[in-house]
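An overview of the molecular structure
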Amino acid sequence: MSIAGIFALVILLYWLAMLADHLRSAKLFRELPPSGPLPEPPPLVSVIIAAKEEETTIRDTVRHLLAQTYPRLELVVVNDRSEDGTGRTLDELKRWSEERGDVRIPMRVIHVTRLPGGWLGKNHALYQGYRQARGQWLLFTDADIRFHPDTVREAVGFALSEHADHLTLTPRMTAPTFWLRSFIRHFLFSLSLFIRPWRANLDGNHRGGMGIGAFNLIHRRAYEAIGTHEAIALRPDDDLQLGARVKLAGLRQRLASGRSRLQVEWYPSMRAAIRGLEKNLFSGFGYKVSLAAAAGAGQLLLFTFPWLGMLLYGDWRSLVHLASVLIMAALYRRQIRMMAGSPGLDILAIPASATLLVYVLVRSVGLALKQGGVYWRGTFYSLTDLKKMK
């Protein structure tokens, strides 16, 4: 058998294994259900947001949160050294909320003017928000999320009914163009195959924890048990690491689809997506070139080569690659529907999106090595310091 034939069979075996894994996990990943009755009194929830240069998005996010139907909520927003109008906007929103008689959710604004050593800015800001928060439950979220009015009510009700220490939700991802939407969806799809997020709902498994920056709801006791954000002070993937540490600590975690309750435009353009991912993609591999190289090769082999193989060969190998593509497309439809919304023709863009992702990964590694570190939200962090935080 030729090497090309062996590759074709190995790739098909991979996709068959992924299909079997998804079939076993079909009941583990579900939509956030409507909330049942809440206890009386319901626990106080502190929503904590870190905002840096977010003047174009923070106003809508705050107003969505101030309109939540959950009866006991407080909002803590941290202005993380912003040089635009974010701080002024937050102060105006606070005054506006206090002057309106129909806004019952208290809002606190914290202005951070200096970043101490050993911290990423966002992680430090979230930690400062926690220190000011009074809630039994803490909801860490981003500054550009749109919330349905019942999101927090339904999330708290679900977490309590499941006796969960941590609940994370996948938002509906929007994008203004076809190619940007295709690229973002492929990134989410390939990430889900790698980390298999549904494992978060397996209580006996202490690995495979999941955390999503759009919605990390965690009990204060659990947050303190995993070391707070101090334990992940230099991790750009702080949301994922928070979820991983919950699992490692043997705490109860739940993951659900929040596509009908949360919405976010992750990046406004392809240029912004490339620049954003190239800053932190290398961190997902522990800043190890060998792991990043293996991931890049895997992208091309698993996601691009089968599409080419259907056209290159006129024998049984084309049929094997066709089978791989059909399984890939079926899994893509299922995962993207749960995580980001209904897929369409973006399925056909998978090979192009995979190739672009490899390009971004190469840039991420190259820039980090050339600079000796990464620039993140206006601050430079050396690879030496970043590698210390495992």
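Residues numbered from 1 in each chain as written. Predicted model: local features only at pLDDT ≥ 70, side-chain atom pairs only at ≥ 80, totals over all residues. Heavy atoms only, no water.

Looking only at helices and strands, the protein features 13 helices and 12 strands. By the compact-globule yardstick of 21 Å for 390 residues, the protein fits well, its C-alpha radius of gyration being 22 Å. With the C-alpha coordinates of the protein rotated into their principal frame, the extents come out at 75 × 50 × 40 Å. Put simply, the protein has 390 residues, and 56% of those count as buried. Looking at the protein alone, contacts between residues at least 24 apart form 82% of all its contacts between residues at least 6 apart. Across the protein, 49 positive and 33 negative side-chain charges occur, with their mean positions spaced 6 Å apart. (Helix = DSSP H or I, 4+ residues; strand = E, 2+ residues; numbered from the N terminus. Rg over C-alpha atoms; globule rule 2.2 N^0.38 Å. Buried < 20%, exposed > 50% of the residue type's maximum accessible area, 1.4 Å probe, protein only. Contact = heavy atoms within 4.5 Å. Lys, Arg positive; Asp, Glu negative; His and termini not counted. Charge placed at Lys NZ, Arg CZ, Asp CG, Glu CD.)

Overall, the coordinates contain 22 salt bridges when judged by the stated rule. With a closest N to O distance of 3.3 Å, E74 and R134 form a salt bridge. Taken together, the positions of E74 in strand β2 (residues 73-80) and R134 in the loop between α4 (121-132) and β4 (137-141) put the pair 60 residues apart, joining distant regions of the chain. Under the relative-accessibility criterion, E74 is labelled buried at 2%. Here R220 makes a salt bridge to E224, at a shortest N to O gap of 3.8 Å. Taken together, the residues span about one helical turn, with R220 and E224 both in helix α7 (residues 220-225) at a distance of four residues. Counted as one network, the salt bridges with shared partners bring together R30, E162, D203, R252 and R254. (Salt bridge = Lys/Arg side-chain N within 4 Å of Asp/Glu carboxyl O.)

What follows is about the nonpolar core. Counting residues in hydrophobic clusters, the biggest one holds 120 residues, and the most contacted among them are W15 and L217. By residue number, the principal contributor to this core is helix α11 (residues 316-339), which donates 10 residues. Those residues within four positions of L217 in sequence are excluded, and the remaining contacts are V45, W137, L138, L139, A155, V156, A159, D165, H166 and L167. (Core = buried A, V, L, I, M, F, W, Y, C linked by side-chain atoms within 4.5 Å.)

The next subject is the sheet that holds strand β9 (residues 253-257). Backbone hydrogen bonds hold the strands of a sheet together, and the pairing may be parallel or antiparallel. Taken in spatial order, the seven strands make up an open sheet running β3-β2-β1-β4-β8-β6-β9, and their pairing is mixed. A strand with exactly one partner marks an edge of an open sheet, and here the two such strands are β3 (107-112) and β9. With direction set aside, neighbouring strand axes in the sheet form an average angle of 20°. Pairing of strand β6 (residues 166-170) with β9, which is carried by five bridges, proceeds in the parallel orientation. (Pairing = 2+ DSSP bridges. Axes fitted to C-alpha atoms, helices over the stretch in contact; angles between N-to-C directions.)

What follows concerns the pairing of strand β11 (residues 373-376). Looking at chain direction, β11 and strand β12 (residues 379-382) are connected through four bridges and run antiparallel. Each bridged residue has a counterpart across the sheet, and for G373 the counterpart in β12 is S382. Linkage of β11 to β12, two consecutive antiparallel strands, is achieved through a turn of two residues, within which R377 is found at a positive phi near 55°.

Bringing the environment of H124 into the picture now. By the secondary structure assignment, H124 is in helix α4. For the pair H124 and A233, spaced 109 residues apart in sequence, the C-alpha to C-alpha distance is 6.9 Å. The contact partners of H124, leaving out residues within four places of it in the chain, are V112, R114, L115, P116 and W119.

To continue, consider the sheet that holds strand β5 (residues 145-147). If you walk across this open sheet you meet the three strands as β5-β10-β7, and the pairing is mixed. Each edge of the sheet is formed by a strand with only one pairing partner; in this case those strands are β5 and β7 (172-174). Taken pair by pair, the neighbouring strands of this sheet meet at an average axis angle of 25°, ignoring direction. Pairing analysis gives three bridges linking β7 to strand β10 (residues 262-265), with the strands arranged parallel. Bridge pairing links R172 to Q263 in β10.

The next subject is the side chain of S97. Here S97 is to be found in helix α3 (residues 86-99). Exposure remark for S97: the relative accessible area of 5% places this residue in the buried category. When residues no more than four places from it in sequence are discounted, the contact partners of S97 are L66, V103 and M107.

The step from E40 to P41 runs through a cis peptide bond, and the omega angle for that step is 0°. Position of P41 among the secondary structure elements: in the loop between α1 (3-24) and β1 (45-51). Positive phi outside glycine occurs at T228, with the angle close to 55°. Within the element layout of this structure, T228 appears in the loop between α7 and α8 (238-248). When its relative accessible area of 7% is taken as the criterion, T228 is described as buried.

Below, the discussion takes up the environment of S182. With respect to the helices and strands, S182 occurs in helix α6 (residues 178-195). For S182, a relative accessible area of 1% translates into the label buried. If sequence neighbours within four positions are ignored, S182 has contacts with Y332, D346, A349 and S353.

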